[in-house]
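Residue strings, one per chain:
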Amino acid sequence: SSSGAESIMSAQEQHPALPPRAAPEAAERDAGNGYEAVAPHWFYCKVTGGRERWLPFSTQDSERLEEAHGAGKDKGDVVVPTSGGRYDVHLRQRQRLAVFWEEEASEVRRCTWFYKGDKDNKYVPYSESFSKELEEAYMIAVTLDEWKKKLESPSREVIILHNPKLMVHYHPVATSDDWGSTPTEQGRPRTVKRGVENIAAEIPNGEPLQIDHLVFVVHGIGPACDIRFRSIVQCVNDFRSVSLSMLQAHFRKAQEQQQIGRVEFLPVNWHSSLHSTGVDVDLERITLPSISRLRHFINDTILDAFFYNSSTYCQTILDTVASEMNRLYLLFLQRNPDFKGGVSIAGHSLGSLILFDLLTNQKAAPEDEHSREVRALQLSTGILCGEKNLEEMGIPLGPRMKLLHYIGSRREVQVWLPHGSDSFLPATSLGSDSCRVPMQPSVSANYPQLLYKPAIFFAFGSPIGMFLTVRGVKRINPDYSLPTCKGFFNIFHPFDPVAYRIEPMIVPDLEFEPMLLPHHKGRKRMHLELKEGLTRMSVDLKNNLLGSLRVAWQSFTRAPLAAVEGTSSEGEAETEASTEQQSDPKPEEAPAPAKEDPSLINVGKLNGGNRIDYVLQEKPIESFNEYLFALQGHLCYWESEDTVLLVLKEIYQTIGVTLDQPLPGSQ
């Protein structure tokens, strides 16, 4: 068999006048199937678990890359931002590099020809140089209508162009002799395709260029964030993808009027910094050799919660989270100089507790007259009464000690905010002398300051309530709000074993349910409606059945003689009265006499007077076994349309943009 280079050379020698593109006379001679240059599409190679997957760039990214490729052939390295500015493609090196987080560089390829892979039947692009050879051979074959062209790839695999619709790729011969063999003897052929439009590639939709809001997302314990053991980067990618589809489904009017673009979500990773301190080596020395996988898993994940309660490692975690969010914020502004939107933060599991501690320890803006009055009021009520606060106000040592002694002796119990905050949360009096003294935080730390004031704080599957209680916080003052953040939403799955409520700590005397998160399709999940319907129906059936039985019993026991008519009618009246009384639903089955709108319950200022706790609706399969889906409940938020829609709704509400159709039950 002749080599591809020889076959191309011989074709060019036979037709030396043929230019790289089809000659006009050749095109005229074969106008029926004239040659048209192939349209390239750019791909990048993603390596996961040792397997390579070639993924296409969005159409707009591919066009930008092609334009830069055409314009920058004679220049140095050209850098093209792609994927909404989160990745840069270095054209000369053909590499795709992550901008905001650490990730292995991906190979980039300008793709025109593809062959079907062995394992998963996905099409794989040929190298750019070999694709060029294939295109030249194809051009000659089409122009001269001479097919059965045979080429040999760099790895000595044979490609035969039978006709425009049938092109095949044969495996190399795995023999050591020199006899050679025909392609038919080289195993099952693989299909070859020309042009991305022929391989049914899933080309992603491009993202709107305009960014309206930035959200930093902090992960919880361990390096894996979901049931598939994926990293925070992959989970936030999912969250972002869901947000783009929710914007198209629920904010279409605002998009069509170009009022909005999109929300950018960026992951914040602190786990790797913590575990690069050498603590893993120290743990390895003391870890028992038995059940090694389980012990390694515990060391890598569950111990993060213990690290956060250690003063040494707590400081490392706080510094890492705050400095990473500040670094990402500055880098984002540098790359998006026209950005005028707000910033919000979201935390999953332990990540939400870290953010809560940071937010409770942020310093508000320089004081104006109003904030000085508030500060004086806080001092008079004992909300701000740490020695550090009094020293900052310039109060001398003697009066400072007297004031501290006075505040400590007050009957109202003062409880520290978590982790050494300078603010107190007044709690109801517990009556015991030991509780009159302010409770010291479990861990003291220096709290870094963020470079921005977050608009909203979203907590997913959060243990904040539990940690506050364990630290001795009995109650959150209804007048308390985070110093620099006006909004706070605590979102959880009903079966999440790590999630706890916040609202009962603000309003302990009132029992009420969390807000049910509206389904993104605008109604309750069918099985929940069915469950409620069946409950109502069973109550009605029971009451009707009891009523029927009483009437039947009454007719049997009614005395027929006129002599006892008076007694009978008296008994009848009694029975009827008892029937009426009992046929009413029982108190617990009856709706509350004056059912308050759940969204109107006053839960203080922590979320600007709005509700804080939001519960997701479980899926039908999850309601069969709560325990079976408990872990999944803790890790479900990344792909939850309902969660994403609430986040988008609240973010866009801050700039006056609302959903196309208000969802029933939403606040």
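Since the structure is predicted, the reported quantities are computational estimates derived from the model, not experimental observations.

**Q** Where do I start with the sheet that holds strand E6 (residues 106-111) in this structure?
**A** What links the strands of a sheet is backbone hydrogen bonding, and the strands pair in either a parallel or an antiparallel sense. If you walk across this open sheet you meet the six strands as E2-E1-E6-E5-E4-E3, and the pairing is antiparallel. With one partner strand each, in any of the chains shown, strand E2 (51-56) and strand E3 (79-82) form the two edges of the open sheet. For this sheet, the mean angle separating the axes of adjacent strands, direction not counted, is 30°. Sheet topology note: the E3/strand E4 (residues 87-90) ladder contains four bridges and is antiparallel. Bridge assignment links Val80 to a residue of E4, and that residue is Val89. The sheet contacts of helix H3 (residues 59-71) involve strand E1 (41-48), E3, E4 and E6, and relative to E3 the element is tilted by about 175°.

**Q** Please clarify how the packing of helix H5 (residues 232-250) against helix H21 (residues 641-653) should be interpreted in this entry.
**A** When two helices pack together, their arrangement is given by the angle between the helix axes and by the axis-to-axis distance. Contact pair H5 / H21: the axes reach a minimum separation of 9 Å and the direction vectors enclose 65°. Relative to H21, the element H5 is oriented roughly perpendicular. Every pair of crossing elements has a handedness; the one defined by H5 and H21 is right-handed. In this structure, H5 contributes Phe239, Val242, Ser243, Met246, Leu247 and His250 to the contact, and H21 contributes Glu641, Thr643, Val644, Leu645, Val647, Leu648 and Tyr652. Residues belonging to the contact of H5 with H21 are distributed by class as follows: nine nonpolar, three polar and one charged.

**Q** Mind showing me how you'd approach the sheet that holds strand E7 (residues 113-116) here?
**A** Read across the sheet, six strands follow the order E8-E7-E12-E11-E10-E9 without closing on themselves; strand pairing throughout is antiparallel. Of all strands in the sheet, those with a lone pairing partner are strand E8 (123-125) and strand E9 (149-152), marking the two edges. On average, each strand axis in the sheet is inclined to that of its neighbour by 30°, with strand direction left out of account. Taken together, the three bridges between E7 and strand E12 (residues 190-194) define a ladder with antiparallel strand orientation.

**Q** What is the right way to look at the nonpolar core in this model?
**A** The nonpolar side chains of a soluble globular protein tend to be buried with one another. Core analysis: the biggest nonpolar cluster contains 63 residues, and Phe216, Val321, Met325, Ile354, Phe457, Ile464 and Phe488 have the highest contact counts within it. Counting residues per element, this core draws most heavily on helix H11 (residues 311-335), at 10 residues. Dropping the residues within four chain positions of it, Phe488 is found in contact with Phe356, Ile456, Phe457, Ala459, Ile464, Ile502, Leu606, Asn607 and Ile612. If you look at the next biggest cluster of nonpolar residues, it comprises 41 residues, including Cys225, Phe251, Leu616 and Cys636.

**Q** Any chance you could explain the environment of Ile199 here in plain terms?
**A** One can find Ile199 in the loop between E12 and strand E13 (211-218). Spatially, the C-alpha atoms of Ile199 and Val124 are 9.6 Å apart, while their sequence positions differ by 75 residues. The residues touching Ile199, leaving out its near neighbours within four places in the chain, are Phe43, Phe114, Tyr123 and Lys193.

**Q** Looking at this model, I keep getting lost on the pairing of E7. Mind explaining?
**A** On a regular strand, one side chain projects to one face of the sheet and the next to the other, so that they alternate. Inspection of the sheet shows E7 paired to E8 by three bridges, in the antiparallel sense. Bridge pairing in E8 links Tyr115 to Val124. Linking two consecutive strands that pair antiparallel, namely E7 and E8, is a turn of six residues; a positive phi of about 60° is found at Asn121 within it.

**Q** How should I be thinking about the environment of His250 in this particular structure?
**A** With respect to the helices and strands, the residue His250 is situated in helix H5. Relative accessible area serves as the criterion here: at 12%, His250 is assigned to the buried category. Between the C-alpha atom of His250 and that of Gln661, which follows or precedes it by 411 residues, the distance is 7.2 Å.

**Q** Any chance you could explain the packing of aromatic side chains here in plain terms?
**A** The description of two aromatic rings rests on the distance between their centres and on the angle between their planes. One pass over the full model with this rule turns up 22 aromatic pairs. Aromatic side chains Tyr115 and Tyr126 sit 4.9 Å apart centroid to centroid with 45° between the ring planes, which places their arrangement in the tilted category. One end of the pair, Tyr115, is in strand E7; the other, Tyr126, is in the loop between E8 and helix H4 (128-144), and 11 residues separate them in sequence. The exposure class assigned to Tyr115 is buried, which follows from its relative accessible area of 18%. Counting every residue linked through ring pairs, the aromatic cluster contains Phe239, Phe265, Phe460, Tyr637 and Trp638. Over the face of the ring belonging to Tyr44 we find Arg96, whose NZ or CZ atom lies 3.8 Å from the ring centre. Here the guanidinium or amino end of Arg96 rests over the ring plane of Tyr87, the centre of that ring lying 3.5 Å away.

**Q** Teacher, can you tell me more about a nonpolar patch on the surface here?
**A** A cluster of nonpolar side chains, namely Ile221, Phe229, Ile291, Leu294, Phe297, Ile298, Ile302 and Phe306, defines an oily patch on the protein surface of about 760 Å² accessible area. Among the elements that make up the nonpolar patch, the one with the highest residue count is helix H9 (residues 292-300) (three residues). Locating Phe229 in the fold gives a position in the loop between E13 and H5.

What counts, and where the lines are drawn
Residues numbered from 1 in each chain as written. Predicted model: local features only at pLDDT ≥ 70, side-chain atom pairs only at ≥ 80, totals over all residues. Heavy atoms only, no water. Pairing = 2+ DSSP bridges. Helix = DSSP H or I, 4+ residues; strand = E, 2+ residues; numbered from the N terminus. Axes fitted to C-alpha atoms, helices over the stretch in contact; angles between N-to-C directions. Contact = heavy atoms within 4.5 Å. Parallel < 35°, antiparallel > 145°, perpendicular 65-115°, else oblique. Left-handed = near helix turned anticlockwise from the far one by under 90°. Nonpolar A, V, L, I, M, F, W, Y, C, P; charged D, E, K, R; others polar. Core = buried A, V, L, I, M, F, W, Y, C linked by side-chain atoms within 4.5 Å. Buried < 20%, exposed > 50% of the residue type's maximum accessible area, 1.4 Å probe, protein only. Phe/Tyr/Trp six-rings, centres within 6.5 Å; stacked < 30°, edge-to-face > 60°. Lys NZ or Arg CZ within 6 Å of the ring centre and 35° of its normal. Patch = residues over 30% accessible without salt bridge, like charges linked within 9 Å, V, L, I, M, F, W, Y side chains within 5 Å. Areas by Shrake-Rupley, 256 points an atom, 1.4 Å probe, with all protein chains shown as cover. Salt bridge = Lys/Arg side-chain N within 4 Å of Asp/Glu carboxyl O.

All quantities given are derived from atomic positions and should not be read as evidence of function.
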